[in-house]
Amino acid sequence: MSPQRRTFVIVGASLAGAKAAETLREEGFDGRVVLIGAEPERPYERPPLTKDYLRSESPRKKAYVHPEAFYGEHDIELITGAPVSALDPGRSQVRLEDGREFGYDRLLLTTGAEPRRLQIPGADLDSIHYLRTLEDCDALRGRLEAGGKVVVIGAGWIGAEFAASARQLGAEVTVIDAASVPLERVLGAEVGAVYRDLHRDHGVELLPATSVEAFEGDDSLRRVRASDGRRIDCDFAVVGIGVVPRVELAEAAGLRIDNGIVVDQGLATSAPGIYAGGDVANAWHPFYERPVRVEHWANALNQGPAAARAMLGLDVVYDRIPYFFSDQYDVGMEYSGFATEWDEVVLRGDPAEREFVAFWLREGRVVAGMNVNVWDVNEYVQALIRSRRTVEAATLADPDIPLESLVADEGAELGEVAP
C-alpha cells in the first residue's frame, strides 16, 4: 500500500489525540487520519475545567484544542460520541459500539484516564459529582451559580483547584483529605503546608487526616459522614481522589499493561503498529531509567505529537522532564521533575509571602523544583535536574546566587521545557 493511502487511526479525541492528528498533517502525512472520541465534544483541554471556565471567566470555545473548522480543513475525520468497543491487533481493526469498523496501518491510543470512584454507602446519591469532562464542569458551574455549601473529598490538584474556584465564587467549602496537608503526596508536608494556609486564609474549612465513611440523604445528598464521626451538612459534593488509566480496550486486545499501557521510549506498545500517549501511557523514560506515567496537561500536549512522529517512522525518544502548573486564588506555580522520594526540601524566597522556589533533593541532587509566583526560572530548574550535579543546600537557598549561574557553572545546556 502506498504511503499516501495508509490509514492512521487515533482512539481518544483528547488533547494528546488532537495534537497527534495535527502533527501528522504538519509532518506531511497525506493518508487517511481518523480521530475517534467517546464524548460528544470535539477535543478540548482540561485545565480550564477547574479554573477560568468553571468560574465562567472564559468562553467555552477557549477550552477547545482547535476551532471547529480545523478538522475538516485538514482532512481529519473526527468522529465524536462514538465509544470504541474492541481492538483487533491481528486484523489491524477498530470496532465501534455502533458496529462500524475501521482498518488501520498505525493505531494510537490516547484514551486518557477516568476518576477513581468512592465505593462507600450512599455513593449513588444525587448531587455527588466527579470532575473530568466538560459535561461534568457544566453541571458544577450550575451548582456553584446556585450557591450553597460543597464538600470536596480529596485535596490533590483537582480537589484543591476546585475548592479555590468555589471559594472565589462565594461557596462555602469544606475539604476532607486523608493526608495531613493538601498535596502532601506530591509536595511533602512542608510545601503542602503553604497550600493549607492559603486555603484557610480564603475561608476553606480543612479536615486533614480524615476519610469519608458515608454519604447520607434520601434521594439526594444531604450530609457527609467523616471518619471522626462528624456529619457535615452540604448541598453537593465533589470527589477528587485521583484517576485510573483507561486500559480496558488495550488489555482486552492483549497489550502489555502495568499502571497504564506499557510503551517504550518511542511510545510503541507491545503490539506491532500500535502506540499510546498521554495519561494512559506508562512510558520508559531514558533520563529516569524507569517507566513513568504522567497525568498532566503538558505531557498530553507533547506526547501526542511525539507519538505521531513515531507512527511515521521517525526516530523518537520521549525524554522530556515532567512539568505541570497550577493556579489557586492569586498563587501560580510551575513544577518540574519526578520526585517519588527525597532527602530534603530547600526553599529559596519567602513561603509566608507565597513567593519562592522549592527544590527537592536526593543525595544532594535536584530531582524536582517548583517556582511559586516566581517566573522565568523554570528552564534553569529543569537544567539543574538534567545536570544531575550535586548542589549545596545553602547555595540553592541563597536568592543572591542566580539560578542561571548554577547551570552555567556546570556547563549544562538549557533543555526544551514544557509547554
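In this convention, every chain numbers its residues from 1, walking through the sequence in written order. Reporting in this predicted model follows two pLDDT cut-offs: at least 70 for local features of residues, and 80 or more for side-chain atom pairs to be given and counted; totals over whole chains, interfaces and linings ignore these cut-offs and use all residues. To get the side-chain values, all heavy atoms of the structure are used, and hydrogens and water are removed first.

1. So, the sheet that holds strand E26 (residues 365-372)
Then comes step 1: Ordered in space as E22-E23-E26-E25-E24, the five strands form an open sheet in which the pairing is antiparallel. With partners counted over all chains shown, the strands left at the sheet margins are strand E22 (323-328) and strand E24 (344-350), one partner each. Here the strands of the sheet are splayed against their neighbours by 15 degrees on average, with no regard to which way each runs.
Then comes step 2: Strand pairing is assigned whenever DSSP detects at least two bridges linking the two strands. Numbering goes from the N terminus for both helices and strands, where a helix is a DSSP run of H or I of at least four residues and a strand is a run of E of at least two. Sheet analysis places strand E23 (residues 331-337) next to E26, joined by five bridges and oriented antiparallel. By the bridge assignment for E26, serine 336 is matched with glycine 369.
Then comes step 3: Contact criterion: two residues are considered in contact whenever any of their non-hydrogen atoms come within 4.5 Å of each other. What counts as an axis is a line fitted to C-alpha atoms, over the stretch in contact for a helix, and the angles between N-to-C directions run from 0 to 180 degrees. Lying on the sheet, helix H4 (residues 157-168) is in contact with E22 and E23; it crosses E22 at an angle near 25 degrees.
Then comes step 4: Strands in contact with helix H8 (residues 378-387) are E22, E23, strand E25 (355-362) and E26; relative to E26, the strand with the most contacts, it is inclined by about 170 degrees.

2. A short note on empty space enclosed by the protein
Then comes step 1: Residues are called lining when one of their atoms sits within 4 Å of a cavity or pocket point, these points coming from a 1 Å grid over the protein atoms alone, where a cavity is a set in which a 1.4 Å probe fits but cannot get out and a pocket is an open set with protein on both sides within 12 Å along at least five of seven lines. Grid points are joined across faces, edges and corners, and a volume is the space filled by probe spheres set on the points. Under the definition given, this model contains two cavities of 30 Å³ or more.
Then comes step 2: Taken together, 17 residues form the lining of the largest cavity, with Val294, Asn299, Tyr318, Arg320 and Pro322 sitting closest to its centre.
Then comes step 3: Within the residue set of the lining of the largest cavity, elements represented by two or more residues are strand E20 (281-285) and helix H7 (297-311).
Then comes step 4: In this classification, Asp, Glu, Lys and Arg are treated as charged, Ala, Val, Leu, Ile, Met, Phe, Trp, Tyr, Cys and Pro as nonpolar, and every other residue, Gly included, as polar. Of the residues in the lining of the largest cavity, the class split is 11 nonpolar, four polar and two charged.
Then comes step 5: For the second largest cavity, the calculated volume is near 70 Å³.
Then comes step 6: In terms of lining residues, the second largest cavity is bounded by Ala155, Val175, Asp177, Ala179, Ser180, Val181, Pro182, Arg196, Arg200, Leu206, Leu207 and Pro208.
Then comes step 7: Of the residues assigned to the lining of the second largest cavity, the class counts are eight nonpolar, one polar and three charged.

3. What to know about the packing of helix H1 (residues 15-26) against H7
Then comes step 1: Interaxial distance between H1 and H7 falls to 7 Å at its minimum, and their mutual angle equals 35 degrees. Viewed along their axes, H1 and H7 form a crossing whose handedness is right-handed. Contacts between H1 and H7 involve Leu15, Ala16, Lys19, Ala20, Thr23 and Leu24 on the former and, on the latter, Trp297, Ala300, Leu301, Gly304, Pro305, Ala308 and Arg309.
Then comes step 2: Tallied by class, residues from the contact of H1 with H7 come to nine nonpolar, two polar and two charged. Should the near helix be turned anticlockwise from the far one by less than a right angle, the crossing is left-handed, and should it be turned clockwise, the crossing is right-handed.

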